[in-house]
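Structure at a glance
The primary structure of each chain is shown beneath.
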Amino acid sequence: MLKSNDVIANDFVIKVANVNGTGSSSANSLLMKSIFHMGVPVIGKNYFPSNIQGLPTWYEIRVSKDGYVSRSGRVDIMVSMNAQTYLQDRDEVSSGGYLLYDSSWPREDRLARNDITLLGVPLSRICNEAFTSARARILMKNITYVGALSALLNIDHDVISDQLKRTFAGKEHLFEANMKAIQLGHDYAIKNFSCPLRFRVEPLDYTADLMMIDGNTAAALGCVYAGATLGAWYPITPSTSLMDGFTKFCEKFRIDPVTGKKKYCIIQAEDELAAIGMTIGAGWNGARAFTCTSGPGISLMSEFLGFGYYAEVPTVVFDVQRVGPSTGMPTRTQQSDILSCAFASHGDTRHVLLFPAYPEECFYFSLEAFDLAERLQTPVIVLSDLDIGMNDWPCPKLTWAPSYKPDRGKVLDEEELEHLEDFYRYQDTDGDGICFRTFPGVHPRGSFFTRGSGHNQYGGYTEDPEEYQQVLDRLRRKWETAKKFVPEPLVQTQPGAKSAIIALGSSDGAVQEVLEHADQPLDYMRIRAFPFSDGVQEFIDTHERIFVVEQNRDAQLKTLLTVELNIDKRKLISVLHYDGFPIGSDHVLAGLNGLLKESVRV
Amino acid sequence: MLKSNDVIANDFVIKVANVNGTGSSSANSLLMKSIFHMGVPVIGKNYFPSNIQGLPTWYEIRVSKDGYVSRSGRVDIMVSMNAQTYLQDRDEVSSGGYLLYDSSWPREDRLARNDITLLGVPLSRICNEAFTSARARILMKNITYVGALSALLNIDHDVISDQLKRTFAGKEHLFEANMKAIQLGHDYAIKNFSCPLRFRVEPLDYTADLMMIDGNTAAALGCVYAGATLGAWYPITPSTSLMDGFTKFCEKFRIDPVTGKKKYCIIQAEDELAAIGMTIGAGWNGARAFTCTSGPGISLMSEFLGFGYYAEVPTVVFDVQRVGPSTGMPTRTQQSDILSCAFASHGDTRHVLLFPAYPEECFYFSLEAFDLAERLQTPVIVLSDLDIGMNDWPCPKLTWAPSYKPDRGKVLDEEELEHLEDFYRYQDTDGDGICFRTFPGVHPRGSFFTRGSGHNQYGGYTEDPEEYQQVLDRLRRKWETAKKFVPEPLVQTQPGAKSAIIALGSSDGAVQEVLEHADQPLDYMRIRAFPFSDGVQEFIDTHERIFVVEQNRDAQLKTLLTVELNIDKRKLISVLHYDGFPIGSDHVLAGLNGLLKESVRV
Amino acid sequence: MSYISKPRVPYAGIKRNKLGLTIRDYEGGMSTLCAGCGHDSITAALVQAFFELEVAPHQVAKLSGIGCSSKTPAYFLDGAHGLNAVHGRMPAIATGANAANRNLYYVGVSGDGDSLSIGIGQFAHAIRRNVNMLYIIENNGVYGLTKGQFSASADIGSTAKKGEQNQNLPIDPVVLALSVGATYVARSFSGDKDQLIPILKGGLMHQGFALIDVISPCVTFNDHAGSTKSYAHTREHIHETVRSDFVPPAEAIEIEYQKGSVTPVRLHDGSHILLRKVAPEFSAESRSETVSYIEKHQAKGEIVTGLLFLDEGPGDLHETSDTTEQPLCAIEYDSLCPGESGLEDVYRIYR
Amino acid sequence: MSYISKPRVPYAGIKRNKLGLTIRDYEGGMSTLCAGCGHDSITAALVQAFFELEVAPHQVAKLSGIGCSSKTPAYFLDGAHGLNAVHGRMPAIATGANAANRNLYYVGVSGDGDSLSIGIGQFAHAIRRNVNMLYIIENNGVYGLTKGQFSASADIGSTAKKGEQNQNLPIDPVVLALSVGATYVARSFSGDKDQLIPILKGGLMHQGFALIDVISPCVTFNDHAGSTKSYAHTREHIHETVRSDFVPPAEAIEIEYQKGSVTPVRLHDGSHILLRKVAPEFSAESRSETVSYIEKHQAKGEIVTGLLFLDEGPGDLHETSDTTEQPLCAIEYDSLCPGESGLEDVYRIYR
Ligand SMILES: Cc1ncc(C[n+]2csc(CCOP(=O)(O)OP(=O)(O)O)c2C)c(N)n1
Ligand SMILES: Cc1ncc(C[n+]2csc(CCOP(=O)(O)OP(=O)(O)O)c2C)c(N)n1
Ligand code: SF4
Ligand code: SF4
Ligand SMILES: [Mg+2]
Ligand SMILES: [Mg+2]
């Protein structure tokens, strides 16, 4: 345990407990952004309820000069603004930590704990005195605790005011009101506590060229850059902000300067079955189209996913995973749709999956997804999750290669069709399992019939066993080809490592931190796609023990590894986390040390 | 190869090639049934198109004194009634075999093959002379070739007329007409060919106490005996005849003698999502309910299947498998929904599956399915297929234990609730992972809230990580419990066998035949349920090489074995068949001898 | 959360119904909806309706889909079994449940998103089967729980919603229900207890499918440009990342007006809707007559409320299926199983 | 099967349209439907309509769901791209395809099962979005391909279908479409080329969703008790295991009658339907007026045919979405990608 007087700069966790619907998230991101603009790496995670007003919500800010992005298991400063959760919040504070609360009404008795320090700030009283409107009084309480924290944590006053200036550009009165609240909180803290605390922020320059962005926004941006013109969706948490982002960017980048017309179309479908039907219809017609959804939507899309696989129509689906099964916990995170996505739909159907780990990768994998979908002529599912998709992550400035051109795959244009003897849609001319396709309206000779029923290589309807099997076997060949195209896994090695970790997606952050603190050298491979490229088999073959870290109950990644590769599953040890909060480095460590019961799961 | 003069009694294959919509199936089943009633084991398989009139359809009758029920790869007598498929039908005849065709118009030239014998019967001419109405002329052609075959194969004339008597009881004129056609065909054959052929039927007494029934009808009967009162469905081939059967049996057995009211309800739903919603609603309300469907329906039901798993509502689904992916070949057979059923729906969801192998088991597994669903409080999916479900199989007379009582599982009745302190729906009182449930309307204290969203053991809504995980872990515990309740695999051993075969469902017939002809001693285990009971692991551990025989492309059973058991998958060798026709013993043999490319599938 | 239920201490002399139950016995868990949400007013009306009907709570099955509206079954009749289905699929659950036990009261609560978008097929077919239940659409013109996207229903009270979203003719659940054969069709307003409670009771008593479209304003996402309480307005007052994170304090809207009269109602966003209560003598001869009545007043910007169509003629699901009086779930096994003799018959047929 | 297409040898002097194409160029693969199926007559009418409209086949996208009716796109316009979607989901495919390329003609062929049961939600919402397409329901009152279960639509021509099945008021696609905002609504009969072809052409020209409900008898499963050609009847003439394995030889039904007049049509089962062709002067002012017109004649046992409602006012999907004139699928990538500068802007915003 830390000695209670060591100064700890730029390495601590602040957690704010609020009631949802009280406007706190603006204050919390102001706090987070201000630290960020002092050059200190941060990440903010929002734990909100599936509700609009009145239920508990938390915001956790990890300040980490080392740039760790996962939960650490610690809470050094708790801001307790929600009476419903006082006790639970108090208990969560790490020994030696602080608890800031609204002391407008006395409650030391209820909150006291001998190994933490209470910081009472009469937020309500301050705001009721300083502001008149009901709205302002509610909202400014939040800004005021930010002010108090700015004193307690040594946050640069100018940085805060810059942030507010930006936010309220052109709304002077709002800027004033907010600055006033900051000042009040700040002054109260200075007057009543010895500021700064031993947990404090000291300016650095580690965040130059970084931005703070969430994965859904980054993925949406990727769709714009991929040249997607149709987004069809049905609202569902936590994927909604992806289409919101696409809308926002399209309004910014996709309005024809001359006509003012839109170079995109966004359709709020009546449900998920319709949403993916629309993207498949558009993909068949030559436009890049995508939908975004979460678990329940994947279940509803599975019939059409099977159609896309068998009729070979490209489309892109973003599954921003939340907690299942069924409706589950819509505002919590998990990686539990891996199996259902890999094998979505009946019959011998399998799908290409991409697993981004953070917003930057969400952007680049969006592009990758569209290219793969068209090159492989099949649906591609990007499995993100709520932690990546809805939280603000530090993200390097995105760079663009002007040379990039979308890979439309094997498409015959008018010219080529004009000179073609005859065209057969499902003929594999070069053995890679991928056939040439054509778009409607391009050339009379390009016409063919697309169907989810039995068809032969000529595109004709068939019930003939050989003809049917020929197509099905070719699809399997295409699957082999896919292994060469999908993003390779990323491997990190440590000298003398005999054991290794395999993880995917948002579990990466926790693993990265553990790699540096484990009591043994460990290699690490992050899976980024399914099917697995050859490197995966190799990596597993060359290690004795492998911990598979994932955020679900049933070891779904381990399942795919076991099924697809020629390996002895017995050297794979599961480290599972599935309570709905993002996995923390402490949990992974416990897993490595065999302290988790789930690891026994075969 | 057979010498062309050996007499072969009760061991040959007749295949009839017809045009669908011409009334041939009545004639074909008359033929099959007549042989059956001579005490000779038969099985008839119908290969029909996804179409109503005018496309090719075949009926294959295997006459097998040894009682083999799978295809053998041979066709000894081909009846060629469809000009569209003459050549292909001719080519399919095994060397030394016979081809019977309508010689009303000369076509020896087109049909000639030097290693088979042509039997021309002027069916059209005969019928045009003998019958007047257009309908009669079309229909009676079929009966006439049966007559000819009766002479060629030595089929007992009285047996045939008994069959027709039964069919046309009280319709003397129809009986006469049919007998006339039989006679005409018979006499023509006697006059023009040396009857009987070396392939012939000789009376036996092997079919006493057998009946000929299809799996869908048997399953429907099982639903009646299980006490199911609601059948909700959406029509889809090849499951439709299951609900037709249920309707028929209910009309026979379930009308209240006093009031004439129905003790059942059958609802043709608007789609599969609604169908399973209805059965879940009924199961929640205390009635036994089921739905039947095929692949596409499973995809559409997956959201509700996840709800049933997580909210723990019993329901029974029959998946009569057809050829996928997507719409695939609706009138062909496959075992390719295994994976999608096992993991149907997003999140950590998994389902109990039953795999009947023939109609008799369809009956008993129907009962089993309802008992398991209620005991385990979860959806149970019975995976049959088109081969089992729609073909007539020999089936021992079904026996009934009057002592049978439905296992309703842990249900609290009014009495118990009256004396209960308090009731919590999701509390695991005895560690088996199964909790007590109550039905609406029974007792005020029984009320609780059922939801697919996060809930705690008290049935309350929750977003609390521990509360959520507690329920999810209990569900996993229930899964372990399920292994003890599901039907054990069936094992057959041979002295000195080091290798073995594992198969499931309708692949059993082909394996049974192979076991007696393989050039090595082989043990055999037929999987009958998922999750696997402990015996499965044991069996695999105790054999060196194991051939896994299944009818799909992606080795789906092997996949489940690999995932669920602690085994080295490398000793599992796949024998796969997936062209849409039922697997034959010849194919399995080829697989054992490593002659199939698919076996390389990891 | 829904399982925190309020203490049930009936004060001395509180009114009791025939069953000896007080109104408190018809309440449910604490609502987690926004203060002032119209849905809570409907919940209160339901509590009152059941209390007055003197129905034993455990004789009721409460069903819903997913949405703010669909959460409400947890907020009334704690003593009843409840089921939150998946989104838009409650009608199928209700149909199956009703088929299994015809003796319970069924109340389904849904939203305009739940019933008119993802659930429109099940909604239409449950009506067609005339499933004996009370079906309430708590209609706010938006997807509340997913934060304010437009729904397919009329943009209630929107004067300013003449944007894109509104160019698609909105689906009016009342007109749709009439077109697929609904036998009890009504519309009301969440704040109009006087009208709502009798309509709810009538629907519960109706032998068939009773649709009640209840206009139920969403205080949080009534996002109209020019509206003083719109969240666009709210947003410009707080930090931009806050998408609807702030819910202004609000009061539920209550109104009272006479049959045959028209009353303007001011919504939280400051906009108004005109409600016309059908005259007492109104009784539609035919479906099309009701439709044209609605059309006519719509043209004047009026939303017609009241019991708009009633046809007691058609039988419900059980009548058309000719099922036994005894609920299927209550028939003892022995009278369902054909036993040994049945298998004898089967053998004879398939021999 | 559909890929066996007929030889295309136009005899000398065969009529050619502006594009120099003969009617044969608008034909498709050989039909595999039952002899006499109404659907084949509709296919023929479509061939004629496209030929007369002088549309280049490859400028058409043929879409359908699953069913006998949905097989028909393979039987016309071989030169057009076709897509057989999954059951009931063609409207979504059409919506997405249309969004991607507004320059093609879209013709969707569906059945009463495909559109009114499993597909009713997508059907209703495609109408609501006013997707610019011709949408044909080949309405036979049954599920043909799955062998004759009743569908949700009117039991066409059934005099004897007064059994259970009919107690649920059938869903009339025309009335349903009107209730959800259809802008071009018509009904016709498969055998009435004179009426059908103009209606098809009108629908193809309409700037929006054109619904045409075409009564199209199923010769095989018109299973009415008392009907001399019913399959109940057929069954008793052949071996009992034969469920509808025998299809009696039949001829397609053709009729001709005047606008404003009523004509009885004898169906394959011997029953009759009364078709009333709307008078030339008929033009419905409002949706409800059309509905009551239909209702009125229904009461007399008449099925009204013709163009029943038209509203050219509302914009189609593209107008309401305000998309570019240039089809989205044809916009060159460079004008879609914001490039490096775009990422600079993004950086500034999220910094
Ligand atoms: C299959 C599925 N898709 C999407 C969602 C997300 N979702 C939850 S509620 C809702 C809409 C609710 O709108 P409405 O029915 O009008 O209820 P309200 O909140 O407005 O009362 C949606 C889209 C879901 N839960 N399930
Ligand atoms: C998801 C799904 N469910 C069921 C089916 C089986 N099915 C095929 S066609 C059909 C009904 C067709 O009826 P309709 O649309 O009226 O067409 P028709 O054959 O009468 O022309 C059904 C239920 C299917 N193909 N897919
Ligand atoms: S968001 Fe709207 S609908 Fe939902 S609870 Fe709040 S006010 Fe009610
Ligand atoms: S079954 Fe009916 S609908 Fe289908 S093709 Fe035959 S006649 Fe036409
Ligand atoms: Mg709503
Ligand atoms: Mg039909």
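In this text, all values refer to a predicted model and were calculated from it rather than measured experimentally. (Residues numbered from 1 in each chain as written. Chains lettered and ligands numbered in written order. Predicted model: local features only at pLDDT ≥ 70, side-chain atom pairs only at ≥ 80, totals over all residues. Heavy atoms only, no water.)

With that out of the way, let us pick up the overall build of chain A. When its secondary structure is counted, chain A shows 20 helices and 23 strands. Relative to the compact-globule value of 25 Å for 602 residues, chain A shows a C-alpha radius of gyration of 27 Å, a close match. Expressed along its principal axes, the backbone C-alpha trace of chain A runs to roughly 85 × 65 × 40 Å. With 602 residues in all, chain A has 71% of them scored as buried. (Helix = DSSP H or I, 4+ residues; strand = E, 2+ residues; numbered from the N terminus. Rg over C-alpha atoms; globule rule 2.2 N^0.38 Å. Buried < 20%, exposed > 50% of the residue type's maximum accessible area, 1.4 Å probe, protein only.)

Another point: the domain arrangement of chain A. A common way to express how large an interface is: the accessible area buried when the components associate. Residue and element names in this part refer to chain A. Domain annotation for chain A reports domain 1 (8–200), domain 2 (213–396), domain 3 (414–485) and domain 4 (490–592). Here domain 1 and domain 2 have C-alpha centroids that lie 35 Å from each other. Each side of the interface is counted separately: domain 1 has 13 residues, and domain 2 has 11 residues. Interface of domain 1 and domain 2: buried area, both sides summed, is about 930 Å²; carbon and sulfur atoms make up 60% of it. When the buried area of domain 1 at its contact with domain 2 is split by residue, Lys 45, Phe 48 and Ser 50 rank highest and sum to 44% of it. With a closest N to O distance of 2.8 Å, Lys 45 and Asp 387 form a salt bridge. In this structure, the connection of domain 1 to domain 2 is made through 5 residue pairs in polar contact (both at pLDDT 80 or more). (Domains from an automatic or database assignment. Contact = heavy atoms within 4.5 Å. Buried area = accessible area lost by both parts, 1.4 Å probe. Salt bridge = Lys/Arg side-chain N within 4 Å of Asp/Glu carboxyl O. Polar contact = N/O pair within 3.5 Å; in protein donor to acceptor, adjacent residues only side chain to side chain.)

Here we take up the pattern of salt bridges. Here the structure, examined in full by the defined rule, presents 76 salt bridges over all chains. The salt bridge partner of Asp 213 of chain D is Arg 187 of chain D, with a shortest N-O separation of 2.9 Å. Within this pair, whereas Asp 213 of chain D is found in strand E8 (residues 209–215), its partner Arg 187 of chain D is found in strand E7 (residues 184–189), the two being separated by 26 residues in sequence. The pair formed by Asp 213 of chain D and Arg 187 of chain D is uniform in burial state, with each residue classed as buried. One salt-bridge network, held together by shared partners, links Arg 288, Asp 371, Glu 374, Arg 408 and Arg 437 of chain A.

The next point concerns the coordination of the magnesium ion (ligand 5). Coordination angles at a metal have ideal targets, namely 109.5 degrees for four tetrahedral donors and 90 or 180 degrees for six octahedral donors. All names here are of chain C. Distances from the magnesium ion (ligand 5) to its protein donors, namely Asp 112 (OD), Asn 140 (OD1) and Val 142 (O), fall within the range 2.0 to 2.1 Å. Written as a sequence motif, the donor arrangement for the magnesium ion (ligand 5) is D-x27-N-x1-V. Val 142 matches Asn 140 in its accessibility class, with the two residues each being buried. (Donors = N, O, S within 2.8 Å, 3.2 Å for Na, K, Ca; no water.)

Residue and element names in this part refer to chain B. At a minimum axis distance of 7 Å, the contact between helix H8 (residues 215–226) and helix H13 (residues 359–376) shows a crossing angle of 35°. Judged by the sense of rotation from one axis to the other, the crossing of H8 with H13 is right-handed. Residues Gly 215, Ala 218, Ala 219, Leu 221, Gly 222, Cys 223, Tyr 225 and Ala 226 of H8 pack against Pro 359, Cys 362, Phe 363, Ser 366, Leu 367 and Phe 370 of H13. Partitioning the contact of H8 with H13 into residue classes produces 11 nonpolar, 3 polar and no charged. (Axes fitted to C-alpha atoms, helices over the stretch in contact; angles between N-to-C directions. Left-handed = near helix turned anticlockwise from the far one by under 90°. Nonpolar A, V, L, I, M, F, W, Y, C, P; charged D, E, K, R; others polar.)

Glancing now at the coordination of the magnesium ion (ligand 6). Residue and element names in this part refer to chain D. Surrounding the magnesium ion (ligand 6) are the protein donor atoms Asp 112 (OD), Asn 140 (OD1) and Val 142 (O), at 2.0 to 2.2 Å. Spacing between the donor residues of the magnesium ion (ligand 6) along their common chain follows D-x27-N-x1-V. Residue Asp 112 is located in helix H4 (residues 112–116), and its partner Asn 140 is located in the loop between strand E4 (133–139) and strand E5 (142–143); the two are separated by 28 residues in the primary sequence. Side by side, Asp 112 and Asn 140 carry an identical accessibility label, which is buried.

Right, let's get into the interface of chain B and chain A. Of the residues lining the interface, 69 residues belong to chain B; the matching set on chain A comes to 69 residues. Buried surface at the junction of chain B and chain A, summed over both partners, amounts to about 6000 Å²; 53% is from carbon and sulfur atoms. The interface formed by chain B and chain A includes 6 salt bridges. Across the pair Arg 350 of chain B and Asp 554 of chain A runs a salt bridge, and its minimum N-O distance is 3.2 Å. Inspection of the region where chain B meets chain A yields 48 residue pairs in polar contact (both at pLDDT 80 or more). For the side of chain B that touches chain A, the secondary-structure elements that each account for two or more residues are helix H11 (295–311), helix H12 (338–342), helix H16 (465–485) and helix H19 (556–564) of chain B. By residue number, the principal contributor to the side of chain B that touches chain A is H11 of chain B, which donates 10 residues. Looking at the side of chain B that touches chain A residue by residue, the classes come out as 24 nonpolar, 27 polar and 18 charged.

Residue and element names in this part refer to chain A. Counting buried residues in strand E2 (residues 11–19) gives 8 out of 9 residues, a clear majority hidden from the surface. In this structure, E2 lies alongside strand E4 (residues 56–64), joined through 9 bridges in antiparallel fashion. Looking at E4, one finds that Val 16 is bridged to Tyr 59. Where E2 meets strand E5 (residues 77–80), 4 bridges bridge the pair, whose relative direction is parallel. The partner of Ile 14 across the bridge, within E5, is Ile 77. (Pairing = 2+ DSSP bridges.)

This brings us to the relation of the copies chain B and chain A. Placing chain B over chain A gives an RMSD of 0.0 Å and needs a rotation angle of 180°, together with 0.0 Å of translation along the axis. One copy is carried onto the other by what is essentially a two-fold rotation axis. Both copies share a contact surface, since 100% of the interface residues of chain B are interface residues in chain A too. (Least-squares fit on C-alpha atoms with pLDDT ≥ 70 in both.)

With that settled, the discussion passes to the relation of the copies chain C and chain D. The two copies are related by a screw operation: chain C maps onto chain D through 180° of rotation and 0.0 Å of translation along the axis, at an RMSD of 0.0 Å. Both copies share a contact surface, since 100% of the interface residues of chain C are interface residues in chain D too.

What surrounds ligand 4 is the set Ile 52 of chain B together with Leu 33, Cys 34, Cys 37, His 39, Cys 68, Asn 140, Cys 218, Val 219, Thr 220 and Phe 221 of chain D. Each of chains B and D places residues next to ligand 4. (Near = heavy atom within 4 Å.)

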